[in-house]
Every structure is written in C-alpha cells, then in structure tokens.
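Letter by letter, the chains look like this.
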Amino acid sequence: MALGAVLLCAAGAATAAPSYQAGEIQNAGAIVGEVTYDGPPPPPRTLAVTKDQEVCGQGAPSESLVVGRDGKVANAVVSIVGITRGKPMPTLEPVLDQKGCRYLPHVLLAPAGETIRVRNSDGILHNVHTRSRVNPPVNIAQPKFKKEVSIELEEPESVAVRCDAHEWMSAVIVAMEHPYYAASDPQGTFRIGDVPPGEYTLRVWHETLGEKSEKVTIEAGKETRAVFELGPR
Ligand SMILES: [Cu+2]
C-alpha cells in the first residue's frame, strides 16, 4: 500500500501522465514474443569515426537498426498501452554508459521520474544532449574528469540522446509510467511478466521502423504469444 501511495505522488507531480497504481496481482499471466523484420534483413552498417580514434576506434556499428541474419529485430520496445494497475515499478538504477564512444545500452528503459546515471567510461569529452519534446531537453558537457552526471525524464517519453562531440553516437531512453515494457534482445525476443489477466493493447515501437499495435488477451497463469513484424517505413 505504501508503495502505491508513493507512486501516486510521483505521478501527481507530472501533469499528463496517467497515474499508475502498484498492488498485488492475482493469477498473473505473461506476454512472450518476438519482433521480426519484414523483408530481407538489411546488412549491418558501419558509421564513420571522425575524431578521437585512439578511444573510439576506426568505425562504429550503426545501432539504429539491428537485424540478425535470421531477420530478428533487436532494440524494439514492446509495451502494454495505458495499463494503470499491476506489479511494482522496478527498483533498478538505470545507467547509460559512454564507452568506446558508444552508448551502452543503445536502448535504455527507465521508469519516468527515476534518476538516470550517465557515466563517462572514456577518458575524453562527451556531452549528453537529449532531443526530447515532452520533457525539457538536457545538454550537459561531460569532460573526462566528470565520470557521472544524472538526468531525469519526469514524463513518459522516448527520447533520442546524442553527443555533439561525436555525431555517430546515439541512444534512446524510453521512460514509462508503468513497468509493463521490455526491449527485444538480439534474438528479437521479449517477455513481459506479472500481467493481471485482461484484454490489452500491446504496442511495439522501434526508432527507425515505427510502431504497430495489436490486441492481446492475458489469461491467468498462461503465457500469451505475440509476434510483431516491422518493415521499413
Ligand atoms: Cu561523445
């Protein structure tokens, strides 16, 4: 109960976010599935590294679209739309690391309003520049001696992150007001657990492939399977 009250307060501070209430779940089910590419898998791309090569290397793998040879799509974010009750928010401390002039992970999931620690594991200057529309944009220089800065996305939003010093660096932070979301792994699979039985809209979102939705029914104690196919827009 106490947790629910805290979460309500947090959501109350945000204007547009619907409140989410954590509580006990009876007869939970789960959603498992995969995200696949509609068409022949595009070959991996390498981005030019134009400075700081001693730290950043000679080329950087493009991560804005990662499709395995078997056509499975990584880094797609699957979420239950508008769910207002269920399991507690995760207690994880989200970290976005800058290492070898890449962001790790490329897609970071974070609860809305949670502190996100942005680490600089490189001995060079980066800057953290968010291209947010709902939340106020952040632009913080992070010299090599500033090993960690923190940012917050108060409102739910998918936000692109860029480094103005290294134009090939890109990441996405997905902040949500509820815990029912997951990113597909390199095998294209995802799992969302502890879902109260009911009918929901399940949405998949990918930074370059766009989004799709479908209805799902969660039954007590069962795993519901969902397969999304995304193609070039
Ligand atoms: Cu950088």
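Refer to the structure presented above.
Residues numbered from 1 in each chain as written. Predicted model: local features only at pLDDT ≥ 70, side-chain atom pairs only at ≥ 80, totals over all residues. Heavy atoms only, no water.

A. Layout of the overall build of the protein. Counting its secondary structure elements, the protein contains two helices and 20 strands. The C-alpha atoms of the protein give 19 Å as radius of gyration, which agrees with the globular expectation for 233 residues (17 Å, within 12%). Counting only C-alpha atoms and orienting by the principal axes, one finds that the protein spans roughly 55 × 45 × 25 Å. Counting all 233 residues of the protein, 46% fall into the buried class. (Helix = DSSP H or I, 4+ residues; strand = E, 2+ residues; numbered from the N terminus. Rg over C-alpha atoms; globule rule 2.2 N^0.38 Å. Buried < 20%, exposed > 50% of the residue type's maximum accessible area, 1.4 Å probe, protein only.)

B. Molecular detail of the state of the cysteines. Counting across every chain of the model gives one disulfide. Two residues share a disulfide in this structure: Cys56 and Cys101, whose sulfurs sit 1.9 Å from each other. Measuring handedness by torsion sign, the sulfur bridge of Cys56 and Cys101 sits at about -50 degrees and is left-handed. Here the residue Cys56 occupies a position in helix H2 (residues 53-56), and Cys101 occupies one in the loop between strand S7 (95-99) and strand S8 (102-104), the gap between them amounting to 45 residues. A residue is classified by how much of its surface remains accessible, and Cys56, at 6% relative accessible area, is buried. (Disulfide = S-S within 2.5 Å.)

C. Molecular detail of the sheet that holds strand S20 (residues 223-230). The sheet built from three strands is open, its strands ordered S17-S2-S20 with mixed pairing. Among the strands making up the open sheet, the edge pair consists of strand S17 (189-195) and S20. Across the sheet, the mean angle from the axis of one strand to that of its neighbour is 20 degrees, orientation sign disregarded. Both strand S2 (residues 29-37) and S20 contribute to a ladder of eight bridges, which runs parallel. Pairing of Ala30 across the sheet is with Glu223, part of S20. (Pairing = 2+ DSSP bridges. Axes fitted to C-alpha atoms, helices over the stretch in contact; angles between N-to-C directions.)

D. Inspection of the coordination of the copper ion at higher detail. All of the protein donors around the copper ion are His126 (ND1), Cys163 (SG), His166 (ND1) and Met169 (SD); their distances to the metal are 2.0 to 2.8 Å. Taken together, the four donor atoms coordinating the copper ion and their angles of 94 to 136 degrees define a geometry best described as irregular. Summarised as a motif, the one-chain spacing of the donors to the copper ion is H-x36-C-x2-H-x2-M. Among the residues examined, His166 registers a relative accessible area of 0% and is labelled buried. (Donors = N, O, S within 2.8 Å, 3.2 Å for Na, K, Ca; no water. Tetrahedral: all angles 85-135°; square planar, octahedral: opposite > 155°, others 65-115°.)

E. Region of the structure containing the pattern of salt bridges. Considering all chains together, one arrives at nine salt bridges under this definition. Arg102 serves as the salt-bridge partner of Glu63, at 2.9 Å between the closest nitrogen and oxygen. Linking Glu63 in the loop between strand S4 (59-61) and strand S5 (77-80) with Arg102 in strand S8, this pair joins segments that are 39 residues apart in sequence. Across the pair Glu148 and Arg119 runs a salt bridge whose closest N-O atoms are separated by 3.6 Å. Placement of the pair is Glu148 in strand S13 (residues 148-152) and Arg119 in strand S10 (residues 115-120), with a sequence separation of 29 residues. Owing to a relative accessible area of 29%, Arg119 belongs among the partly exposed residues under this scheme. (Salt bridge = Lys/Arg side-chain N within 4 Å of Asp/Glu carboxyl O.)

F. Spatial organisation of empty space enclosed by the protein. For the structure shown, the criterion picks out one cavity of 30 Å³ or more. For the largest cavity, the calculated volume is near 70 Å³. For the largest cavity, the full set of lining residues is Leu47, Ala60, Pro61, Ser62, Glu63, Cys101, Arg102, Tyr103, His106, Trp168, Met169 and Ser170. Those elements that place two or more of their residues in the lining of the largest cavity are S4 and S8. Here the residues of the lining of the largest cavity sort into seven nonpolar, three polar and two charged. (1 Å grid on protein atoms, 1.4 Å probe; cavity = no way out; pocket = protein on both sides within 12 Å on 5 of 7 lines; lining within 4 Å. Points joined across faces, edges and corners; volume = space filled by probe spheres on them. Nonpolar A, V, L, I, M, F, W, Y, C, P; charged D, E, K, R; others polar.)

G. Spatial organisation of the layout of surface pockets. Taken as a whole, the largest pocket spans an internal volume of roughly 490 Å³. As for the largest pocket, its lining consists of 25 residues, of which Glu157, Ser158, Val159, Val174 and Trp205 are closest to the centre. Among the elements of the structure, S5, strand S14 (157-162), strand S15 (170-176) and strand S18 (198-206) are those that each provide at least two residues to the lining of the largest pocket. Its residues assigned to classes, the lining of the largest pocket shows 13 nonpolar, four polar and eight charged.

H. Layout of the environment of Gln26. Assignment of secondary structure puts Gln26 in the loop between strand S1 (21-22) and S2. Residues Gln26 and Pro196, 170 residues apart in the sequence, show an inter-C-alpha distance of 6.7 Å.

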